[in-house]
Structure formats: C-alpha cells, structure tokens
Amino acid sequence: MSEAKQKRIAYIAQAQLIGCLLVILGHSIPLDWEIPNAIYRADVFLYTFHMPLFFFVSGYLFYKTKSFERYTFGAYIKKRSFRLMIPYVALTIIGFIPKVLTNKFFGDGAELSVMYFVKAFLVPRENVWGHFWFLPTLLLISLFSFAFAKLKNKSLAAYGIVTVLLFGLTLVPKITDWFAVNDILKYTCFYALGLLFADSKAELVITGDKMKFVFLLLLPVSVGLFLIPVQNETAQTALKQVIGIMMLTFVLAVSQLADITKTKVGNFLCNKTYSIFILSWPFQSIISMVFEKAMGLPYYITMPIAFAAGIIGPIITILILDFIEKKTNKRFLSPIIGG
C-alpha cells in the first residue's frame with residue numbers, strides 16, 4: 001500500500017476514534033438532564049454528526065477496501081453479522097437481568113417480561129444497552145452496500161442522485177422503531193455518502209495538504225447555522241443534515257492534523273475503537289447509578305468521571321480479555337466485544 005493510501009486509511013481510523021469519544025462524551029450527561037442549557041445544546045449539536053460519522057465511515061471502508069470484490073454478498077453479510085450481532089445478542093442477554101434490577105435508577109420501563117425481552121432484540125432503540133441500536137441498524141443498511149457499489153461503478157452520476165434522494169428519506173415522518181426502520185431511513189444516506197466519498201475527487205481535495213486547513217472553518221460556520229432558530233420541523237431536520245455533512249468534513253480535516261496511529265497508544269485506540277464503543281455505556285451506567293443517583297453529585301463532577309470511565313473501563317476490559325486469550329491460545333472472548 002502506498003504511503004498516500006496509508007495516510008488516507010489512517011485519517012479515517014482517527015475520525016472513527018473522534019466519533020467514538022464524542023459519543024462517550026454525549027453519554028456522560030446526567031440522565032436527569034439537570035444541566036445548564038448550554039451543555040444540553042452542545043449535546044444536541046454533537047448528535048447532528050457523531051452517529052452519522054460512524055455510518056459514513058462504514059460506507060467509506062466498504063468501498064475503499066473493495067469488499068464487493070473480495071466477498072460474495074452472502075459471505076460479506078455473514079461476516080458483518082458475526083461482527084455486529086455477536087456483541088448485540090451476547091451482551092443483551094448478559095445485561096438483561098441487571099437492567100431489570102436497576103430500573104429504579106434509570107426509570108426506562110425495563111421489566112422482567114417476555115415482551116420486553118423480545119423488544120430488546122427487535123426494537124433496537126429499546127435494547128438493554130442504549131447505544132446498541134447502532135449495531136443491527138448498520139447490519140440492515142449493509143444489505144444495500146453491494147447494490148450501491150455496483151451502481152457507483154456503473155454510473156457515478158446516477159449514484160450521486162440516489163444518494164441525494166436518500167437524504168430526502170430523513171424528512172419522512174417517523175414510522176416505527178421496530179426492526180430499526182426509523183434509523184434506517186435516517187442514516188442510510190450517510191452510509192451511501194461515505195461510499196460515494198471513497199476514492200473520489202472530493203476525497204483528494206479534503207486530504208490535500210493545504211485544503212484540509214480551509215475545512216477547519218466549517219466548525220464556526222456549523223455552530224452558527226445550528227444557533228439559527230428554526231420552528232418548522234422539516235426545515236429543522238434538513239438544516240441538521242446540512243450541519244451533519246459539514247461537521248463530517250470538519251472531523252475528516254481534524255483527523256489529518258496528526259497521525260496518532262504511528263504511536264503505540266494511538267494505534268491501540270484506533271484498532272479498538274469498536275470495542276471501546278460497545279463497552280463504554282455499561283461502565284458509564286455504573287457511574288451514573290453510583291455517583292449521580294445514589295450519591296446525588298452534581299453534573300460537573302459526574303460528567304468528567306463518566307467520560308473517563310467510558311474510556312478507561314473498556315480499555316482495561318480489552319487488555320484483560322486479550323491477556324486471557326493469549327494465555328489460553330483461544331480467541332473466544334474478543335468476538336463478544338467486537339474484537
């Protein structure tokens with residue numbers, strides 16, 4: 001692989017890590033939301049782009065790694081299913097009873113019933129772990145990946161039009177959270193956009209030595225647009241999509257300022273981003289129960305602790321599981337955490 005191509009892949013890995021850290025930051029906000037309005041608004045701003053970033057990167061990597069050439073459709077979906085659904089199923093089962101027992105702290109309707117257990121799997125937004133909705137949603141969106149790649153290779157213009165039309169689906173009123181329908185309508189466009197971006201002239205422009213600094217200006221522009229009061233719900237959704245795209249570009253520019261993958265710690269974090277994301281919320285939930293709910297500490301104490309726990313807890317867990325697997329010479333634990 002050429003040095004230029006390695007650089008492009010490195011900046012995408014770093015963009016993923018940035019997205020992961022922003023998700024953990026958003027999850028650090030107290031569940032009772034007794035926080036200054038500025039922090040609440042900042043969290044809403046983060047949600048315009050940090051989850052779209054994950055879908056964008058997934059689409060990008062699908063095309064960039066030529067998965068449509070290296071795998072058959074069936075083989076690719078099988079591979080994706082194992083990587084995404086083993087953590088989803090295993091950790092949902094493991095966390096089901098603890099979730100029910102701690103319902104008094106979270107008050108989100110968790111109950112020991114067959115229906116709640118079924119909905120934990122089939123309604124991703126109501127899963128035991130709040131952030132797990134991303135996993136089945138990404139898997140279902142991946143079903144379109146081969147068709148997207150085929151269309152792009154056949155006609156770039158036609159695929160561009162399809163991508164624009166997919167953004168129109170985000171304006172469709174909510175239908176149902178069952179089988180991740182609402183989230184598929186909301187995020188397929190970003191997956192398609194990432195696939196469109198891979199190996200494109202736009203990527204060459206953004207990764208240019210000079211232009212990436214220009215794209216840093218998108219942050220103040222995005223914040224300015226976000227602060228514009230918009231009452232119409234459709235217009236508000238459309239504005240958030242524009243901000244999401246602009247902030248995606250900003251993150252891609254920031255991720256090129258330094259290559260942390262050349263350091264031991266940076267390389268570890270970028271390689272383990274998926275597992276850190278998966279494990280973050282369980283540790284943050286414990287912090288929320290102990291420091292926020294039980295001890296009643298204010299947000300400016302619980303937020304930093306929750307953020308640190310969402311990073312340090314997963315890292316320690318990953319290192320322990322890696323140690324066990326090396327000692328036993330068997331890879332049987334890491335798939336549960338997406339490793």
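Attention in this report is confined to the structure presented alongside it. The model shown is predicted, which means the values in this text are computed figures rather than measured ones.

1. Quick notes on helix H15 (residues 233–254)
The end-to-end C-alpha separation of H15 is 31 Å, in line with the 32 Å expected for 22 residues at 1.5 Å each. For H15, the complete set of buried residues consists of Leu239, Gln241, Ile243, Gly244, Met246, Met247, Leu248, Thr249, Phe250, Val251, Leu252 and Ala253. Measuring from the backbone nitrogen of Thr234 back to the side-chain oxygen at the start of H15 gives 3.0 Å, which picks out Asn232 as the cap.

2. Concerning the state of the cysteines
Enumeration over the complete set of coordinates arrives at 0 disulfides. Free of any disulfide, Cys20 has its nearest cysteine sulfur in Cys270, 10 Å distant.

3. Points about helix H2 (residues 37–46)
Inspection of H2 places Asp43, Phe45 and Leu46 among the buried residues, and these make up the whole buried set. All buried residues of H2 lie within an arc of 160° about the axis, which places them on one face of the element.

4. Re the side chain of Glu203
When you line up the elements, Glu203 lands in helix H12 (residues 201–206). The exposure class of Glu203 is buried, given its relative accessible area of 1%. One polar contact links Glu203 to Lys64, side chain to side chain, over a distance of 3.3 Å.

5. Side note on the packing of aromatic side chains
A ring pair, where both rings are aromatic, is described by two values, the distance of the centres and the angle of the planes. For the structure on display, the rule yields 29 aromatic pairs. Ring geometry for Phe56 versus Phe197: centroids 5.5 Å apart, planes at 45°, classification tilted. Of this pair, Phe56 sits in helix H3 (residues 50–64) while Phe197 is found in helix H11 (residues 181–197), placing the two residues 141 residues apart along the sequence. There is no split in this pair, since Phe56 and Phe197 are both buried. Between Trp133 and Phe134, the ring centres sit 6.4 Å apart and the planes meet at 85°, which makes this aromatic pair edge-to-face. Since its relative accessible area comes to 6%, Trp133 is described here as buried. Phe134 sits in the buried class, given a relative accessible area of 5%. Taken together through their ring pairs, the aromatic side chains of Phe62, Tyr63, Phe68, Tyr71, Phe73, Tyr76 and Phe146 make up a single cluster. It is Arg125 that lies over the ring of Trp133; its NZ or CZ is 3.9 Å from the centre. For Lys152, the ring lying beneath its charged end belongs to Tyr63, and the centroid distance is 3.8 Å.

Reading the values: rules and limits
- Residues numbered from 1 in each chain as written.
- Predicted model: local features only at pLDDT ≥ 70, side-chain atom pairs only at ≥ 80, totals over all residues.
- Heavy atoms only, no water.
- Helix = DSSP H or I, 4+ residues; strand = E, 2+ residues; numbered from the N terminus.
- Expected span 1.5 Å × (residues − 1).
- Buried < 20%, exposed > 50% of the residue type's maximum accessible area, 1.4 Å probe, protein only.
- Polar contact = N/O pair within 3.5 Å; in protein donor to acceptor, adjacent residues only side chain to side chain.
- Disulfide = S-S within 2.5 Å.
- Arc of directions from axis to C-beta.
- Phe/Tyr/Trp six-rings, centres within 6.5 Å; stacked < 30°, edge-to-face > 60°.
- Lys NZ or Arg CZ within 6 Å of the ring centre and 35° of its normal.

Keep in mind that these numbers describe shape and distance, not what the molecule does.
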